[in-house]
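Now for the letters of each chain:
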Amino acid sequence: MIHLSEQNKNVLEGVNYRNNLLVVSSLKEFYHPIKSHGFAIKYVLNGVEHYTLNGQAYPVGAGNYLLSNNTSDGHVEIDKGEFVKGICINIVPELLADVVASRQRPDTAYPDANLGHFFSSHLFLEQQYSATNTRLGHLLRQLHTDFLQNDLLNFPIENDFFYTLSELIVADQIPVFKQLHAIPSLKPSTKKDIYRRLHRGKECIDALFQFPLAIETVATEACLSEYHFFRLFKQVFGQTPHQYLHQKRLNHAAQLLGRERASVTEAAIASGFADIHAFSKAFKKHFGVSPTSWLQKESF
């Protein structure tokens, strides 16, 4: 274990293994420039850490994490107030490159030679993620539990730990890689800007699908015209915004019928369907059974 610094009750403690680094922190009124020399994971346990990377602002809140690679420049800042706790992990490029190379063998399901360049280039998308939605996030949540139990820095951390992290990063980022390459633009900065806009629209649908929602409204939130949002969303995510919204509502209704034992009418209304007949028809088309049959099946 190494003790990195302690000043004005700001504390950072970490473990260094072959220049791979895991640091836990408790900070307030903090400012520090960032120049990445490898691949970085910034995970916030409580409070908000304010990152600026390559001119883009990322207010990373509790339960979220930020990914960046060695092309990132910027700074991190923490305001006055309560101490903000976080975990920062740095992975050396060579280790991540080993994991990526294993994905590029001709006998694997994903041999694309451009994948390795993606992780080490300006095309890589510095992005904030929820720890509940990714493979890497699942491991970070376990680290959070270990942190709360004061065990995080007390168990041996070796290359296996950082290889596992790298495998999860690569697995999570392959869909992003594909989606970015589906955007018809030559400049990496333009690709990333468009992707962020589309992702903002997708998050808008995720947040509001239970309410009456026009795609025009979502496109406005994404700062795109309705047509460009429709066209690019389909190219990147493989389905139209209407199809994604429809699927989101049906999956939510199925969950309500199954886990929460809601009635068909309750499930339809709570999932954003105003017409019960149209809901039943759409549900049967999507799942192959009626909502009533689904409810009866899940009760056994």
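Residues numbered from 1 in each chain as written. Predicted model: local features only at pLDDT ≥ 70, side-chain atom pairs only at ≥ 80, totals over all residues. Heavy atoms only, no water.

A. Fine view of the overall build of the chain. Along the chain, the regular secondary structure elements total 11 helices and 11 strands. Projected onto its principal axes, the C-alpha positions of the chain cover 65 × 45 × 45 Å. Of all 300 residues assigned to the chain, the portion counted as buried reaches 46%. Put simply, 67% of the contacts in the chain that link residues at least 6 apart link residues at least 24 apart. As presented, the chain carries roughly 15700 Å² of accessible surface, and 52% of it is formed by carbon and sulfur atoms. Seen as two clouds, the 29 positive and the 29 negative side-chain charges of the chain have centres 8 Å apart. (Helix = DSSP H or I, 4+ residues; strand = E, 2+ residues; numbered from the N terminus. Buried < 20%, exposed > 50% of the residue type's maximum accessible area, 1.4 Å probe, protein only. Contact = heavy atoms within 4.5 Å. Areas by Shrake-Rupley, 256 points an atom, 1.4 Å probe, with all protein chains shown as cover. Lys, Arg positive; Asp, Glu negative; His and termini not counted. Charge placed at Lys NZ, Arg CZ, Asp CG, Glu CD.)

B. Spotlight on the layout of surface pockets. Approximately 900 Å³ is the volume attributed to the largest pocket. Taken together, 30 residues form the lining of the largest pocket, with Gln 127, Gln 128, Tyr 129, His 199 and Glu 203 sitting closest to its centre. Contributions of two or more residues to the lining of the largest pocket are made by strand 7 (56-61), strand 8 (64-68), strand 11 (127-130), helix 4 (159-181), helix 5 (188-208) and helix 8 (241-258). Examining the composition of the lining of the largest pocket, we find that 7 residues originate from one element, helix 5, more than from any other. When its residues are assigned to classes, the lining of the largest pocket shows 11 nonpolar, 11 polar and 8 charged. Size it by volume and the second largest pocket reaches roughly 600 Å³. Residue lining of the second largest pocket: 29 residues in total, with His 32, Ile 34, Lys 42, Cys 88 and Asn 90 positioned closest to the centre. Taken together, the elements giving at least two residues each to the lining of the second largest pocket come down to strand 3 (20-27), strand 4 (30-35), strand 5 (39-46), strand 6 (48-53), strand 9 (73-78) and strand 10 (84-91). Taken together, the residues that form the lining of the second largest pocket break down as 18 nonpolar, 8 polar and 3 charged. (1 Å grid on protein atoms, 1.4 Å probe; cavity = no way out; pocket = protein on both sides within 12 Å on 5 of 7 lines; lining within 4 Å. Points joined across faces, edges and corners; volume = space filled by probe spheres on them. Nonpolar A, V, L, I, M, F, W, Y, C, P; charged D, E, K, R; others polar.)

C. View of the environment of Leu 45. By the secondary structure assignment, Leu 45 is in strand 5. Relative accessible area serves as the criterion here: at 8%, Leu 45 is assigned to the buried category. Once residues lying within four places of it in the same chain are set aside, the contact partners of Leu 45 are Ala 62, Lys 85, Gly 86, Ile 87, His 144 and Phe 147.

D. How the structure looks around the pattern of salt bridges. Taken as a whole and judged by the stated rule, the model has 6 salt bridges. Here Glu 126 and Lys 192 are joined by a salt bridge, their closest N and O atoms 3.0 Å apart. In this pair, Glu 126 sits in the loop between helix 2 (114-120) and strand 11 while Lys 192 sits in helix 5, placing the two residues 66 residues apart along the sequence. Residue classification places Glu 126 among the buried positions, given a relative accessible area of 2%. (Salt bridge = Lys/Arg side-chain N within 4 Å of Asp/Glu carboxyl O.)

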